[in-house]
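# Examination of the molecular architecture
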Amino acid sequence: MRVIVTGGAGFIGSALVRHLVLERGYDVLNVDALTYAGNRASLNSVEDKPNYRFLQANICDRGAMEKAFQDFRPNRIMHLAAESHVDRSITGAADFIETNVIGTFTLLEVARGYWSKLPDAEKDAFRFLHVSTDEVYGSLGEDGLFREDTPYDPSSPYSASKASSDHLAKAWQRTYGLPIVVSNCSNNYGPFHFPEKLIPLTILNALAGERLPVYGKGNNVRDWLYVEDHARALDTIAERGRIGETYNVGGRNERRNIEVVRRICEVLDRLARRTAHVRN
Ligand SMILES: NC(=O)c1ccc[n+]([C@@H]2O[C@H](COP(=O)([O-])OP(=O)(O)OC[C@H]3O[C@@H](n4cnc5c(N)ncnc54)[C@H](O)[C@@H]3O)[C@@H](O)[C@H]2O)c1
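Reading the values: rules and limits
Residues numbered from 1 in each chain as written. Predicted model: local features only at pLDDT ≥ 70, side-chain atom pairs only at ≥ 80, totals over all residues. Helix = DSSP H or I, 4+ residues; strand = E, 2+ residues; numbered from the N terminus. Buried ≥ 20, exposed ≤ 12 C-beta atoms within 10 Å, placed from the backbone. Pairing = 2+ DSSP bridges. Near = placed C-beta within 6 Å. Nonpolar A, V, L, I, M, F, W, Y, C, P; charged D, E, K, R; others polar.

### Re unusual backbone geometry
- Positive phi values are uncommon outside glycine, yet Leu 34 reaches one of about 55 degrees.
- Secondary-structure assignment places Leu 34 in the loop between strand S2 (27-32) and strand S3 (52-56).
- On the basis of neighbour counts, which here come to 14 C-beta atoms within 10 Å, the residue Leu 34 falls in the partly exposed class.
- The backbone of Phe 192 shows a phi angle near 70 degrees, a positive value even though the residue is not glycine.

### Here we look at the pairing of strand S5 (residues 127-133)
- Burial analysis of S5 places 7 of its 7 residues in the buried class, the great majority of the element.
- Bridge count between strand S4 (residues 76-79) and S5: 4 bridges; the pairing is parallel. Paired with His 79 across the strands is His 130, a residue of S5.

### Topic: the site of the ligand
- Around the ligand sit 30 residues, and of these Gly 7, Gly 10, Gly 38, Ala 82 and Thr 133 come closest.
- Those elements giving two or more residues to the shell around the ligand turn out to be helix H1 (11-23), helix H4 (94-116), S5 and strand S7 (187-189).
- For the shell around the ligand, the leading source of residues is H1, giving 3 residues.
- Taken together, the residues of the shell around the ligand sort by class into 14 nonpolar, 13 polar and 3 charged.

### Side note on the pairing of strand S6 (residues 180-185)
- Burial within S6 is extensive, with 6 of its 6 residues counted as buried.
- The side-chain alternation of S6 yields two buried faces, one formed by Ile 180, Val 182 and Asn 184 and the other by Val 181, Ser 183 and Cys 185.
- Alignment of S6 against strand S9 (residues 246-249), held across 4 bridges, turns out to be parallel. Note on S9: the bridge partner recorded for Cys 185 is Val 249.

Structure below.
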């Protein structure tokens, strides 16, 4: 299996690359522009593996993407490259439109050109997995969860740009028959999480004795998904997902932000007590 992963130096992408290279033994080409969010250190465990390659390139660069497809000849593309931080999208939406909308459009077109020339058997086996967010559905209420048929209701430049990219992916499947599957997941957490996100930021600030990052009363409800579970889910969806279908991935772990922050504080307090006990 030869897989192109876009955004493989990011938080979820790197978990996926580690899974595909180390657990599945697939040949992986990681295409990543290495923006502020990309971190090659999260790929140290695969860097010297013969089935792993890295290409620093922007997904909006059509020539570079065409060359990557031609040289690597993938059976599958798993598209995760994105601008992903909601707060940044509010202060600077342009990069979000560029990468999430134009970049996805570019990849769809390049994949379509490549796929249309494949021999029939390879054409049938080819898959394009478009990875997106459950934020396209809007806000989660006190109870309940999003379903694949929940109407789209994006509320930030980030979620609107991801919603646009989902619509493009579905249109390329229906119009051109490109074998696309879409996944929408909830908030991920786990190793190599970028420090500006809620869980790592809370841990770091708490350890430094600084203010904790709670907006308003912290009543926003989000579902939390462990990133390595998500990587396995993406692998399964790419392998067994039905073409044209959407799959939501969640952890069944809905929590108000304030509950997440309080829980982290409890754990850190417990660890601090244990460390103090060992020292004494
Ligand atoms: N983190 C979450 O909780 C979460 C939740 C739902 C969905 N998602 C989606 O999952 C995907 C991955 O999220 P993440 O948290 O790993 O993101 P991330 O911000 O950690 O990583 C994104 C990666 O994409 C790369 N990139 C950005 N623009 C690029 C471009 N133009 N060309 C090539 N590479 C580019 C960056 O260098 C980085 O390595 C995104 O599509 C995101 O919308 C994330």
